[in-house]
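The chain contents come next:
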Amino acid sequence: MKNHIKSIISICLLLASFMGFAQAPSLYIRSIRSIHLENAPGALQPIPFHEVDMVYNKIGQFLNNKITVNKTDTYEVSGFANINPGVMGTSTKDSIQMEVYLIKNHQQPTETILGKDAFTFTYGNFDVAAGFHIAPIKAQLQANDDVSLWVKILPTSTIAINKSAKYDHVTKPTGMEQIAGMRIAKVE
């Protein structure tokens, strides 16, 4: 009987140590709600999140659509957004160019673009969601730095996105539930 108890205690300690490693300081937030964009070429537009979008957070605070880290350290940062301009009936010469950015300290003296992805919508895919993926990058973040996700329609686009106020451009593609998200994890 004592051997069984020792085995059970050993297994519990082993599982507890694995759980400690699994809960390394990190954050994951994702939106499952569609988001409308304005037809404002050249302007950065936020991809907003809400408190209910937070899946887990062990690194900071979520206020005013920004994630603020509590501790200075090296982090791995990544993000994604699925965007559909919602345009129909254009010519083969038209295009819509967009970029999605992960930005540290937006509109502050220490503003830095941590990562970006770009896509050009052309004839045949103006009404199809494209996935913008910002690959994981290592970034040195200071305590109180914030990180947020942004989108820009480039002024080189030849046509406008769907201007209807009822149309949501940041939306889920067929077969997926998540629309946009960010992940920040402390590098061990």
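One can find the structure itself at the top, above this paragraph.
Residues numbered from 1 in each chain as written. Predicted model: local features only at pLDDT ≥ 70, side-chain atom pairs only at ≥ 80, totals over all residues. Heavy atoms only, no water.

Caption draft 1: Quick look at the packing of aromatic side chains. Overall, the coordinates contain four aromatic pairs when judged by the stated rule. Residues Phe119 and Phe132 carry aromatic rings whose centres are separated by 6.2 Å and whose planes lie at 75° to one another, so their mutual orientation is edge-to-face. Taken together, the positions of Phe119 in strand β8 (residues 112-122) and Phe132 in strand β9 (residues 130-141) put the pair 13 residues apart, joining distant regions of the chain. Overall, Phe119 belongs to the partly exposed group, its relative accessible area being 30%. (Phe/Tyr/Trp six-rings, centres within 6.5 Å; stacked < 30°, edge-to-face > 60°. Helix = DSSP H or I, 4+ residues; strand = E, 2+ residues; numbered from the N terminus. Buried < 20%, exposed > 50% of the residue type's maximum accessible area, 1.4 Å probe, protein only.)

Caption draft 2: Expanded view of the side chain of His106. Along the chain, His106 falls in the loop between β7 (95-104) and β8. Overall, the relative accessible area of 10% leaves His106 in the buried class. When neighbours within four sequence positions are excluded, His106 is seen to be in contact with Leu44, Lys66, Glu111, Asp146, Ser148 and Trp150. (Contact = heavy atoms within 4.5 Å.)

Caption draft 3: Representation of the side chain of Glu99 in the model. By the secondary structure assignment, Glu99 is in strand β7. One polar contact links Glu99 to Lys116, side chain to side chain, over a distance of 3.3 Å. (Polar contact = N/O pair within 3.5 Å; in protein donor to acceptor, adjacent residues only side chain to side chain.)

Caption draft 4: Spotlight on the environment of Asn125. Counting through the fold element by element, Asn125 comes out in the loop between β8 and β9. In the structure, Asn125 is positioned 37 residues away from Met88 in sequence and 9.1 Å away in space, judged by C-alpha atoms. When neighbours within four sequence positions are excluded, Asn125 is seen to be in contact with Phe119 and Thr120. Of note is the side chain of Asn125, whose polar atom sits 2.6 Å from the backbone nitrogen of Thr122.

Caption draft 5: Structural view of unusual backbone geometry. With a phi angle near 60°, Gln107 is a residue other than glycine that sits in the positive phi range. Along the chain, the position of Gln107 falls in the loop between β7 and β8. Residue Gln107 is classed as exposed on the basis of its relative accessible area, which comes to 68%. One non-glycine residue, Asn144, lies in positive phi territory at about 80°. On the secondary structure map, Asn144 appears in the loop between β9 and β10 (146-153).

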